[in-house]
Amino acid sequence: MKVLIVEDDLDIAEILAEALIDQHHVVDVARDGQTGLDFVESYDFDLIVLDVGLPKIDGLDLCQRLRREGHNTPVLMLTARNTLDDKVRGLDAGADDYMVKPFDLPELEARMRALVRRGSVTLPPVLEWGMLCLNPNTCQVTYGGQPIHLTPKEYGLLELFLRNGLRVFSRSALIERLWNFGEPPGEETVKMHVKSLRQKLKMVGAPEDMIETVYGLGYRLKQKQPSRMSESKAS
Ligand code: CA
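## Considerations on the side chain of glutamate 7
Alright, step 1. Mapped onto the fold, glutamate 7 is located in the loop between β1 (2-6) and α1 (10-22).
Alright, step 2. Residue classification places glutamate 7 among the buried positions, given a relative accessible area of 0%.
Alright, step 3. Among the polar contacts listed, one links the side chain of glutamate 7 to the side chain of lysine 101, at a separation of 3.0 Å.
Alright, step 4. In contact with glutamate 7, other than residues within four places in its own chain, are Ile12, Ala13, Ala30, Arg31, Asp51, Leu54, Leu78 and Lys101.

This is the structure in structure tokens:
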């Protein structure tokens, strides 16, 4: 998934970004509230980690403004302050969750996963599609129990498809969702990642067209195939 970190403390931003990139997420970092706002108005994010004390626009104002403008992206607020009043103000400003610095990284990551699951449809902790299984907690992907070793971009592609059911993604939409601001690739690169993801799925016995091409539109996850049991019943 794609995460925006709005944090002026560079050490914290870096620790967070590294941890998220390790979990195969795509990360953009804004160092003040105005840049954060510009990012949210220009790109789609799955989650925003928002510091309260920020230059230019503070976290509370930024969150209020995003909600007023109709942005529903989940917001996890971070603050050094630990008073009940700040927590209440954060949640009242439209934040979905709240953590106090110094925070415990595994707990923050778990809360982020929970927030993303709560999105438009409530998703289970482990994403499944037929015999394919992707566990965002461990970043492990298996097909029929066999592990599949994916690069971060292949993993990102698969996770995006699994989180969005039968939605079709154009190559440019995939670029927007899976690459950060500084590194937009050409559409050929997307094609290449999809191709290698398909090959890896095929190698473990998944249907060749599990990620199907919708001509002129893009790619999507093919409708669920029947499980082995119902296949054998049918034959
Ligand atoms: Ca700060």
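Don't stop here, the text continues.
## What about the coordination of the calcium ion?
When a metal carries six donors in an octahedron, the ideal angles between them are 90 or 180 degrees, while four donors in a tetrahedron ideally lie at 109.5 degrees.
Alright, step 1. Summarising the metal site, the calcium ion is bound by the protein donors Asp8 (OD), Asp51 (OD) and Gly53 (O), whose distances to it range over 2.1 to 2.3 Å.
Alright, step 2. Look at where the donors of the calcium ion fall in the sequence and you get D-x42-D-x1-G.
Alright, step 3. Note on aspartate 51: relative accessible area 3%, which makes it buried.
Alright, step 4. Classification of glycine 53 as partly exposed rests on a relative accessible area of 36%.

## Some words on the packing of aromatic side chains
Alright, step 1. Applying the stated rule across the entire model yields five aromatic pairs.
Alright, step 2. Aromatic pair phenylalanine 39 and phenylalanine 45: ring centres 6.3 Å apart, planes at 75°, arrangement edge-to-face.
Alright, step 3. Residues tyrosine 43 and phenylalanine 181 carry aromatic rings whose centres are separated by 5.8 Å and whose planes lie at 65° to one another, so their mutual orientation is edge-to-face. Taken together, the residues tyrosine 43 in the loop between α2 (33-42) and β3 (47-51) and phenylalanine 181 in the loop between α7 (171-178) and α8 (187-203) connect sequence positions 138 residues apart.
Alright, step 4. Pairwise contacts between aromatic rings join Phe39, Tyr43, Phe45 and Phe181 into one cluster.

## Concerning the packing of helix α6 (residues 152-163) against α8
Alright, step 1. Close contact between α6 and α8 brings their axes to 9 Å; oriented N to C, the two are set at 80°. In this view, α6 runs roughly perpendicular relative to α8, as classed from their interaxial angle. Here Lys153, Glu154, Leu157 and Leu158 of α6 lie close against α8, whose contacting residues are His193, Val194, Ser196, Leu197 and Lys200.
Alright, step 2. The residue inventory of the contact of α6 with α8, partitioned by class, reads four nonpolar, two polar and three charged.

## What about the pattern of salt bridges?
Alright, step 1. A complete count under the given rule lists 13 salt bridges for this structure.
Alright, step 2. Lysine 101 serves as the salt-bridge partner of glutamate 7, at 3.0 Å between the closest nitrogen and oxygen. Here the residue glutamate 7 occupies a position in the loop between β1 and α1, and lysine 101 occupies one in the loop between β5 (97-100) and α5 (105-117), the gap between them amounting to 94 residues. For the pair shown, glutamate 7 and lysine 101 are each scored as buried.
Alright, step 3. Among the charged side chains, a salt-bridge network with shared partners connects Asp209, Glu212, Arg220 and Lys222.

## Quick look at the pairing of strand β8 (residues 140-143)
Alright, step 1. Of the two faces of β8, the one lined by Val141 and Tyr143 is fully buried and the one lined by Gln140 and Thr142 carries no buried residue.
Alright, step 2. As defined by bridge partners, strand β7 (residues 132-135) adjoins β8 across four bridges and the pair is classed as antiparallel. Following the sheet pairing, leucine 132 is matched in β8 by tyrosine 143.
Alright, step 3. The hairpin formed by β7 and β8 contains four residues between the paired strands, and cysteine 139 there has a positive phi angle of roughly 65°.
Alright, step 4. Pairing analysis gives three bridges linking β8 to strand β9 (residues 146-148), with the strands arranged antiparallel. Note on β9: the bridge partner recorded for tyrosine 143 is glutamine 146.
Alright, step 5. Between the end of β8 and the start of β9, which pair antiparallel, lie two residues, with glycine 144 showing a positive phi angle near 55°.

## Considerations on the environment of valine 3
Alright, step 1. Summarising the element assignment, valine 3 is placed in strand β1.
Alright, step 2. Other than its neighbours up to four places away in sequence, valine 3 contacts Leu20, His25, Val26, Val27, Asp28, Phe45, Leu47, Val49 and Met112.

## Quick notes on the domain arrangement of the chain
Alright, step 1. Split by domain assignment, the chain resolves into domain 1 (2-118) and domain 2 (127-221).
Alright, step 2. For domain 1 and domain 2, the distance between their C-alpha centres works out to 26 Å.
Alright, step 3. Each side of the interface is counted separately: domain 1 has 14 residues, and domain 2 has 14 residues.
Alright, step 4. Run the count over domain 1 and domain 2 and you get one salt bridge.
Alright, step 5. Put simply, aspartate 46 and arginine 177 hold a salt bridge, and the shortest N to O gap is 2.7 Å.
Alright, step 6. At the surface where domain 1 touches domain 2, the tally comes to seven residue pairs in polar contact (both at pLDDT 80 or more).
Alright, step 7. Every element with two or more residues in the side of domain 1 that touches domain 2 is listed here: β2 (26-30), α2 and α5.

Cut-offs and rules
- Residues numbered from 1 in each chain as written.
- Predicted model: local features only at pLDDT ≥ 70, side-chain atom pairs only at ≥ 80, totals over all residues.
- Heavy atoms only, no water.
- Helix = DSSP H or I, 4+ residues; strand = E, 2+ residues; numbered from the N terminus.
- Buried < 20%, exposed > 50% of the residue type's maximum accessible area, 1.4 Å probe, protein only.
- Polar contact = N/O pair within 3.5 Å; in protein donor to acceptor, adjacent residues only side chain to side chain.
- Contact = heavy atoms within 4.5 Å.
- Donors = N, O, S within 2.8 Å, 3.2 Å for Na, K, Ca; no water.
- Phe/Tyr/Trp six-rings, centres within 6.5 Å; stacked < 30°, edge-to-face > 60°.
- Axes fitted to C-alpha atoms, helices over the stretch in contact; angles between N-to-C directions.
- Parallel < 35°, antiparallel > 145°, perpendicular 65-115°, else oblique.
- Nonpolar A, V, L, I, M, F, W, Y, C, P; charged D, E, K, R; others polar.
- Salt bridge = Lys/Arg side-chain N within 4 Å of Asp/Glu carboxyl O.
- Pairing = 2+ DSSP bridges.
- Domains from an automatic or database assignment.

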